[in-house]
Amino acid sequence: MRLLYALLLLLVPVLGVYTFVTADQHGWWFPDNVSTYGPSIDRLFYLIQAMVAITFIGTEVLLAWFMYKYSKRRDDRGVFSHGNHKLEMVWTAIPAVLLLVIAFAQMGTWAEIKFQKGFPDGEFSMDRPIAEVVASQFDWRAIYPGEDGVIGTMDDLENPFEFVVPVDEDVVFNLRSRDVIHAFFVPQFRLKQDALPGHTIPVWFNATEEGVYDLICAELCGWGHYKMAGRVRVVSRPEYDQFLADLDQEWFSNGMEEVQ
Amino acid sequence: MTPPPPPPPNGHAAAPPIHGAPHVAPGEGAPGTVREHHEDHHELGFLRKYVFSVDHKVIGIQFLFSGLIFMVLGGLMAMAIRWQLAWPWTEMPVVGRLLFPQTGKVISPEFYTVLFTMHGTVMIFFVIIPLLTGAFGNYLIPTMIGAPDMAFPKLNMFSYWAMIPAFVCGMAGFFIEGGAAAAGWTAYPPLSTIESAAPGSMSGQTFWLLALTFVGLSSMMGAVNYVTTVVKMRAPGLTMMRLPLTIWALFIAALLQLFALPVLTSASIMQILDRVADTGFFTPTNLVVNNLTPDATGAAAGGQPLLWQHLFWFYSHPAVYIMVLPAMGFASDILATHARKPIFGYKPMVYSMSAIAGLGFIVWGHHMFTSGMNPKLGMTFMVSTVMIALPSAIKVFNWLGTLWGGRIRLNSPMLFASAFVSMFIIGGLSGIWMAATPVDVYIHDTYIVVAHFHYVVFAGSVFAIFAAIYHWFPKMFGRMMNETLGKLHFLGTFVFTNLVFYMMHQLGVAGLMRRTADPYAYEVYAHLQPLNQFISMAAFSLFIWQLFFVVNFFHSLFFGKRVGRNPWQACSLEWAAPSPPGHGNFDRELSVHRGPYEYAAPEADEDYQPQWEK
Ligand code: HEM
Ligand SMILES: [Cu+2]
Ligand SMILES: [Cu+2]
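Residues numbered from 1 in each chain as written. Chains lettered and ligands numbered in written order. Predicted model: local features only at pLDDT ≥ 70, side-chain atom pairs only at ≥ 80, totals over all residues. Heavy atoms only, no water.

Looking only at helices and strands, one finds 4 helices and 10 strands in chain A. For chain A, the N- to C-terminal ordering of α and β elements is α-α-α-β-β-β-β-β-β-β-β-β-β-α. For a compact globule of 260 residues, the expected C-alpha radius of gyration is about 18 Å, and chain A comes in at 26 Å, more than 25% above that figure. Considered along the principal axes of its C-alpha atoms, chain A spans approximately 100 × 35 × 35 Å. Across the 260 residues that make up chain A, the buried fraction comes to 52%. Taking all contacts inside chain A whose residues are at least 6 apart in sequence as the whole, residues at least 24 apart take part in 66%. (Helix = DSSP H or I, 4+ residues; strand = E, 2+ residues; numbered from the N terminus. Rg over C-alpha atoms; globule rule 2.2 N^0.38 Å. Buried < 20%, exposed > 50% of the residue type's maximum accessible area, 1.4 Å probe, protein only. Contact = heavy atoms within 4.5 Å.)

What follows concerns the domain arrangement of chain A. Residue and element names in this part refer to chain A. Partitioning chain A into domains gives domain 1 (2–70 + 86–117) and domain 2 (131–251). Here the C-alpha centre of domain 2 lies 34 Å away from the C-alpha centre of domain 1. Listed per partner, the contact involves 15 residues of domain 1 and 15 residues of domain 2. A combined buried area of about 1,200 Å² lies between domain 1 and domain 2, and 51% of that area is made up of carbon and sulfur atoms. When the buried area of domain 1 at its contact with domain 2 is split by residue, Val34, Thr36 and Tyr37 rank highest and sum to 46% of it. Between Asp42 and Arg190 there is a salt bridge, with the nearest N and O atoms lying 2.8 Å from each other. In this structure, the connection of domain 1 to domain 2 is made through 11 residue pairs in polar contact (both at pLDDT 80 or more). Listed by contribution, the elements that provide at least two residues to the side of domain 1 that touches domain 2 are α2 (38–69) and α3 (85–114). Of the residues contributing to the side of domain 1 that touches domain 2, the split by class is 6 nonpolar, 5 polar and 4 charged. (Domains from an automatic or database assignment. Buried area = accessible area lost by both parts, 1.4 Å probe. Salt bridge = Lys/Arg side-chain N within 4 Å of Asp/Glu carboxyl O. Polar contact = N/O pair within 3.5 Å; in protein donor to acceptor, adjacent residues only side chain to side chain. Nonpolar A, V, L, I, M, F, W, Y, C, P; charged D, E, K, R; others polar.)

The next thing to look at is the coordination of the copper ion (ligand 3). Residue and element names in this part refer to chain B. Protein-derived ligands of the copper ion (ligand 3) are His317 (ND1), His366 (NE2) and His367 (NE2), with the metal-ligand distances lying across 1.8 to 2.0 Å. For the copper ion (ligand 3), the single-chain donor residues occur in sequence as H-x48-H-H. In this structure, the copper ion (ligand 3) is positioned 4.6 Å from the iron atom of ligand 1. Of the two residues, His317 is situated in helix α10 (residues 305–322) and His366 in the loop between α12 (346–359) and α13 (375–403); the sequence distance between them amounts to 49 residues. Since its relative accessible area comes to 4%, His317 is described here as buried. Judged by its relative accessible area of 13%, His366 falls in the buried class. (Donors = N, O, S within 2.8 Å, 3.2 Å for Na, K, Ca; no water.)

Once that is clear, we can look at the pairing of strand β6 (residues 182–186) of chain A. Residues and elements named next belong to chain A. Across the 5 residues of β6, 5 count as buried, placing the element largely inside the fold. Alternating residues of β6 divide into His182, Phe184 and Val186 and Ala183 and Phe185, and every residue in both groups is buried. Hairpin connection of β6 to strand β7 (residues 191–195): 4 residues between the antiparallel strands, including Arg190 at a positive phi of 55 degrees. (Pairing = 2+ DSSP bridges.)

With that settled, the discussion passes to the interface of chain B and chain A. Taken together, the 114 residues of chain B in the interface contact 92 residues of chain A. Taken together, the two surfaces of chain B and chain A that pack against each other cover about 9,200 Å², and 73% of this comes from carbon and sulfur. Broken down residue by residue, the surface that chain B buries against chain A is led by Arg407, Tyr442 and Tyr522 of chain B, which jointly contribute 8%. Asp76 of chain A is paired through a salt bridge with Arg407 of chain B; the nearest N and O atoms lie 3.1 Å apart. Here chain B is connected to chain A by 26 residue pairs in polar contact (both at pLDDT 80 or more). At the level of elements, α5 (109–145), α10, α12, α13, α14 (412–435), α15 (437–443) and α17 (483–509) of chain B are the ones that each hand at least two residues to the side of chain B that touches chain A. Here the side of chain B that touches chain A takes 16 residues from α13 of chain B, the largest share from any one element. Taken together, the residues of the side of chain B that touches chain A break down into 75 nonpolar, 24 polar and 15 charged.

Let us look at a nonpolar patch on the surface. Residue and element names in this part refer to chain B. On the surface, Ile544, Leu547, Val550, Val551, Phe554, Phe558 and Phe559 cluster together to form a nonpolar patch covering roughly 700 Å² of accessible area. The element that contributes the greatest number of residues to the nonpolar patch is helix α19 (residues 547–559), accounting for 6 residues. With respect to the element layout, Phe554 can be found in helix α19. Residue classification places Phe554 among the partly exposed residues on the basis of a relative accessible area of 40%. (Patch = residues over 30% accessible without salt bridge, like charges linked within 9 Å, V, L, I, M, F, W, Y side chains within 5 Å. Areas by Shrake-Rupley, 256 points an atom, 1.4 Å probe, with all protein chains shown as cover.)

Counting 307 residues, the largest nonpolar core has Tyr144, Phe163 and Phe184 of chain A together with Phe136 and Phe553 of chain B as the members making the most contacts within it. Here this core takes 23 residues from helix α16 (residues 447–477) of chain B, the largest share from any one element. Here this core spans two domains, since at least three of its residues come from each of domain 1 (2–70 + 86–117) and domain 2 (131–251) of chain A. In this structure Phe184 of chain A touches Val133, Trp140, Phe163, Phe173, Leu175, Leu191, Lys192, Gln193, Leu215, Ile216 and Val232 of chain A, once residues within four positions along its chain are discounted. (Core = buried A, V, L, I, M, F, W, Y, C linked by side-chain atoms within 4.5 Å.)

Residue and element names in this part refer to chain B. Around ligand 1, a shell composed of 23 residues is seen, among which Trp185, Asp440, His444, His452 and Arg514 lie nearest. One of the side-chain N or O atoms of His444 is found 2.8 Å from an oxygen atom in ligand 1. The side chain of His452 places a nitrogen or oxygen atom 3.0 Å from a nitrogen atom of ligand 1. Taken together, the residues that form the shell around ligand 1 break down as 13 nonpolar, 8 polar and 2 charged. (Near = heavy atom within 4 Å.)

With that out of the way, let us pick up the sheet that holds strand β9 (residues 211–217) of chain A. All names here are of chain A. In spatial order, the strands read β4-β10-β9-β6-β7; together these 5 strands make up an open sheet with mixed pairing. Each edge of the open sheet is held by one strand with a lone partner, namely β4 (162–166) and β7. Strand-to-strand, the axes of this sheet are offset by a mean angle of 25 degrees, without reference to chain direction. Here β9 pairs with strand β10 (residues 229–235) via 6 bridges, running antiparallel. Looking across to β10, one finds that Leu215 is bridged to Gly230. (Axes fitted to C-alpha atoms, helices over the stretch in contact; angles between N-to-C directions.)

In a regular helix each residue adds 1.5 Å, so 24 residues correspond to 34 Å; α14 of chain B covers 34 Å between its end C-alpha atoms and thus fits that length. The element α14 of chain B is extensively covered by neighbouring structure, given that 23 of its 24 residues are classed as buried. (Expected span 1.5 Å × (residues − 1).)

The next point concerns the coordination of the iron atom of ligand 1. Ideal values differ by geometry: the angle at a metal is 109.5 degrees with four tetrahedral donors, but 90 or 180 degrees with six octahedral donors. Among protein residues, the single donor to the iron atom of ligand 1 is His452 of chain B (NE2), with a metal-donor distance of 2.1 Å. By the element assignment, His452 of chain B lies in helix α16.

A few words now on the sheet that holds strand β2 (residues 139–144) of chain A. Adjacent strands of a sheet form backbone hydrogen bonds with each other and so pair up, either parallel or antiparallel. Residue and element names in this part refer to chain A. Read across the open sheet, the 5 strands follow the order β3-β2-β1-β5-β8; overall the sheet is mixed. Unpaired on one side and paired on the other, β3 (157–160) and β8 (201–205) mark the two borders of the sheet. Averaged over all pairs of adjacent strands, the angle between their axes in this sheet comes to 30 degrees, without regard to strand direction. In this sheet, β8 lies alongside strand β5 (residues 171–177) in antiparallel orientation, the contact comprising 5 bridges. Considered in β8, the bridge of Val172 is made with Trp204.

With respect to burial, helix α7 (residues 163–172) of chain B is a largely interior element, 7 of its 10 residues being buried. The secondary structure elements touched by the buried residues of α7 of chain B are α3 (56–86), α5, α6 (153–161) and α8 (203–232) of chain B.

Opposite charge on two side chains permits pairing when their charged atoms draw close. As enumerated under the stated definition, the model contains 17 salt bridges over all chains in all. Between Glu162 of chain A and Arg233 of chain A there is a salt bridge, and its shortest N-O distance comes to 3.1 Å. Of the two residues, Glu162 of chain A is situated in strand β4 and Arg233 of chain A in strand β10; the sequence distance between them amounts to 71 residues. A residue is classified by how much of its surface remains accessible, and Arg233 of chain A, at 26% relative accessible area, is partly exposed. For Arg565 of chain B, the salt bridge is made with Asp587 of chain B, and the minimal N-O distance between the two is 2.7 Å. Highlighted residues: Arg565 of chain B in the segment after α19 and Asp587 of chain B in the segment after α19, separated in sequence by 22 residues. With a relative accessible area of 8%, Arg565 of chain B lands in the buried category. Look at Asp587 of chain B and you get buried, because its relative accessible area is 14%. Three or more residues are tied together by salt bridges with common partners; here these are Glu123, Glu169, Arg237 and Asp241 of chain A.

Written out as structure tokens, the structure reads:
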């Protein structure tokens, strides 16, 4: 009986290690990263993973072992101890330092991703975003600025469902919502940002591989939340220019029809 | 919902019932309660005694029963959620026909949002908080500090009765047009404030907010009582530093409620006003919802959706500690008693609980890292959140220290309490990833968060509640619970809990979003369906396995082995009272001579020295 309970408790770290080791085979791990800041996020994840794994396995094994060892039937009494000041100082100080290390290790990456001071300032910047991505129940659209480079003017180009960006370039876009809160989430970019009604939030990323990626709404936005899918298509620069030209064509002819 | 009449006294020196009526509980005639006797003793009919009771024990048991009943309801909703996630849009066998006749026996996407909203609401506001503070807080505070009752017994009664409108409003949503609230237990506006945003945002959301307000009222009355009782009514000699950790925990949790609840109550009233009077506290200007421009978003709206999030989490983060501190207290008492050892580091335990409570007020922003809040603010919330893991770690080390060198009894309370420690380690550690802002950008609102809070709230607090029921059942009802059934209950519960919730971490790392009715439409998630089916199967097993507990609970209530005052040879004061304690709890004058955990003292005659013995 004693052994059974100890083994049960041991099952927890065993399950933990087992799933970690086999996670990749089963697809229970990160989707491949394709953004420039993704690797530093992943690195921070693994840094925490290392510290947590040691604590997790250590404490769980101790617990199982104590439960086994000290549940043996004996007639004498247990150790009469109310604590140990020195030991407690040690196990307060060490985690305190480790936790502070963890906290400070995050700051550079956080600032890089979110602080507007450090936003890219190339072809696309906060003043000249590549597009405005607008969320509404239950779809996404990307609004490109058109010839004049300014969003909110007559020559804006609207592309429903798909947000097309050039590969290997720093892309800044404005995120908006027309109704309730949504969130822009592309797992492969390691990027998530809520779209907040009443606010325009600048966001940036740099995608490193061409391809089509699911754009997922990550904030509950109503009954259709589960199907609020969009797409981010990362293409080469020539393809991107072609895409804009086509879009312009489409909007231009539509405009003509309306005028007539 | 009424407990059976308490069994007769069990051979201890209870004062003889003055009126000799056979149904009178043993302590009824204790000195100090004479005044009330004259007023209502004979007239104490069934209603006064079990329904409109002012006795803290009866009120505690009322909370216990309603909490357990709602736990079944919340559990059933969870099963429906798991059905949908494993086999989306498939006909539900057997019950589908009854529940969803209009939608062809399948869960509609609208109803799915209702399900997870109400599951969270029921479990947090009708189950965990009422069980921890309402049931055990009420039952244990006076008995463990040697008091005859709460400081304000009438207020105490109202604190239970305020739950009734809460239950009614909470459930009313299911019977009205548009259905129940469907904006998540977090109720973020404008989804929750604009009627056209969701079917559940019609009257369902208003009723939901009313329910929340009544729960708040109930907790507030409870908290005032707990704090006053602990401060004013301790037995002579029971200094604060001699209080059992359960009492410290309940005391600190009550303080948290006193300081945090007014904020939630104001916020929910503001949201009600937004909904019924278009005040626009939380609704920004000029939205277009569902192709309509709702009145509430006219030029005058000018509200801030983030304001709600700040106010909500300012309460709800402390609330998560309200949901775990009492559990930590129970675990501490149960571990010490059944390991036959003093708590390792009593004072650090008290200090770390206080630190958790204090820090708990400055970490709420960790729920909002990706919300659009100023990222600099995110940085400070990250540091405070990471630091809150420190007192949590200290507590774990001290529990391990308590077990070390003990003489452990492997009974049901001990198994659940030690499992609480094991599970809390997981929940606490996963908090660190989420506290780390850049990492949280990826894992926020994924199944890692779901795994995290189920480890702390289900595998943590609910395990501690089970431990507490097994441990204090003999005191509450004068009978033992069945050990074999208890151990069986533990076995399956432990295994299935881990299969269900551990695997959710993996879903989260793979990026799976929470609150999605059908994730497999996305290419990145398509391969996760088998794992979700596995989790659902384990979840159904976990649910069914609770039958062992239900059978054990009711069987023991009527047929369990009778016990004396102190079946566990424990040291704290509740074990000095008869089992169950009569009106006024104690049948003799108590004075306290030592701390609550004097087990295994080498010079003593027995391996325990109760607080009340010289
Ligand atoms: C070591 C201590 C803890 C830390 C560092 C921590 C940290 C966090 C963080 C950062 C989040 C937000 C995650 C996100 O949404 O991205 C979170 C969510 C949550 N935590 Fe904890 N936590 C801790 C302990 C607890 C405890 C003890 C409880 C409850 C008893 C708890 C209950 C919750 C709940 C319910 C949520 C999810 C709320 C929601 O979005 O629905 N946490 N925690
Ligand atoms: Cu959504
Ligand atoms: Cu929190």
